[in-house]
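Observations on chain architecture
Chain by chain, the residues:
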Amino acid sequence: MSDTVLPEDELIAFIKPRLKSLGFRKKNKRWTKATGDFTLVFFIQGSAYSKENYYIRPGVFINDCPGKEFYYYGHFDTEIRQSTPQQILEDALTFFHEWTDRDLIIARAKAFVEWE
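In short, a report on the structure. As the structure is a computational prediction, the values presented were derived from the model and not from experiment.

This paragraph deals with the pattern of salt bridges. Opposite charge on two side chains makes pairing possible when the charged atoms of those side chains draw close. Within the structure shown, the criterion is met by four salt bridges. Lys 29 is paired through a salt bridge with Glu 8; the nearest N and O atoms lie 2.6 Å apart. With a gap of 21 residues between them, Lys 29 in the loop between strand 1 (25-27) and strand 2 (30-34) and Glu 8 in helix 1 (residues 8-21) connect regions that are remote in the sequence. The class for Lys 29 is partly exposed, based on a relative accessible area of 33%. According to the relative accessible area criterion, Glu 8 is buried, its value standing at 15%. Linking Arg 102 and Asp 37 is a salt bridge whose minimum nitrogen-to-oxygen distance equals 2.4 Å. You can see Arg 102 sitting in helix 3 (residues 102-113) and its partner Asp 37 sitting in the loop between strand 2 and strand 3 (38-46), a full 65 residues away along the chain.

This is the structure:
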């Protein structure tokens, strides 16, 4: 990531109360929320190359999936581009919604392996 759009502390100040109101628990720069079959993760990861840069990585764990402990971000994860705090939150919530929809996950898995 070359230039940050938003200082990390400003993103955290915006995200923290909103994720808390949605039931997420914070530990360091990681917020998690168990939702039954899934655990949602919103993670802000610092860059190894620059203190000013960071990555926004939402993820979804399937709770009863063997090997869960071997995945850091989630069984499904992505990186969100830096933009406005509101857009980052919207993008994360959209990701969570899509990757906890069982029918959508099944359809994507079938398309991946070309089942018909």
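Picking up after the structure, the text goes on.
Strand order in the open sheet formed by five strands is 1-2-3-4-5, with antiparallel pairing between adjacent strands. Edge strands, defined here as strands with exactly one partner in the open sheet, are strand 1 and strand 5 (76-77). Pairing of strand 4 (residues 54-62) with strand 5 involves two bridges; the strand directions are antiparallel. In the sheet register, Val 60 faces strand 5, and the bridge partner there is Phe 76. Those strands touched by helix 2 (residues 85-98) are strand 3, strand 4 and strand 5, and its axis lies near 20° from that of strand 4.

A word on the nonpolar core. Within the largest apolar cluster, 24 residues are counted, with the highest numbers of intra-cluster contacts made by Leu 11, Ile 15, Trp 31, Phe 42, Val 60 and Phe 96. Secondary-structure elements contributing two or more residues to this core are helix 1, strand 3, strand 4 and helix 2. Setting aside chain neighbours within four positions, we find Ile 15 in contact with Trp 31, Phe 42, Pro 85 and Leu 89.

On to the side chain of Ser 47. In this fold, Ser 47 is placed in the loop between strand 3 and strand 4. For Ser 47, the side chain forms a polar contact with the main-chain nitrogen of Tyr 49, separated by 3.0 Å. Once residues lying within four places of it in the same chain are set aside, the contact partners of Ser 47 are Asn 53, Tyr 54 and Tyr 55.

Turning our attention to the pairing of strand 3. Among the nine residues that make up strand 3, seven are buried, leaving the element largely enclosed by the rest of the structure. Pairing analysis gives five bridges linking strand 2 to strand 3, with the strands arranged antiparallel. Across the sheet, the residue bridging to Trp 31 is Phe 42, located in strand 3. Taking the residues that link successive antiparallel strands as the turn, the strand 2-strand 3 hairpin has three residues, and the phi of Gly 36 there is positive, at about 95°. Pairing of strand 3 with strand 4 involves nine bridges; the strand directions are antiparallel. Note that in strand 4 the partner of Thr 39 across the bridge is Phe 61.

Rules used in this analysis
Residues numbered from 1 in each chain as written. Predicted model: local features only at pLDDT ≥ 70, side-chain atom pairs only at ≥ 80, totals over all residues. Heavy atoms only, no water. Salt bridge = Lys/Arg side-chain N within 4 Å of Asp/Glu carboxyl O. Helix = DSSP H or I, 4+ residues; strand = E, 2+ residues; numbered from the N terminus. Buried < 20%, exposed > 50% of the residue type's maximum accessible area, 1.4 Å probe, protein only. Pairing = 2+ DSSP bridges. Contact = heavy atoms within 4.5 Å. Axes fitted to C-alpha atoms, helices over the stretch in contact; angles between N-to-C directions. Core = buried A, V, L, I, M, F, W, Y, C linked by side-chain atoms within 4.5 Å. Polar contact = N/O pair within 3.5 Å; in protein donor to acceptor, adjacent residues only side chain to side chain.

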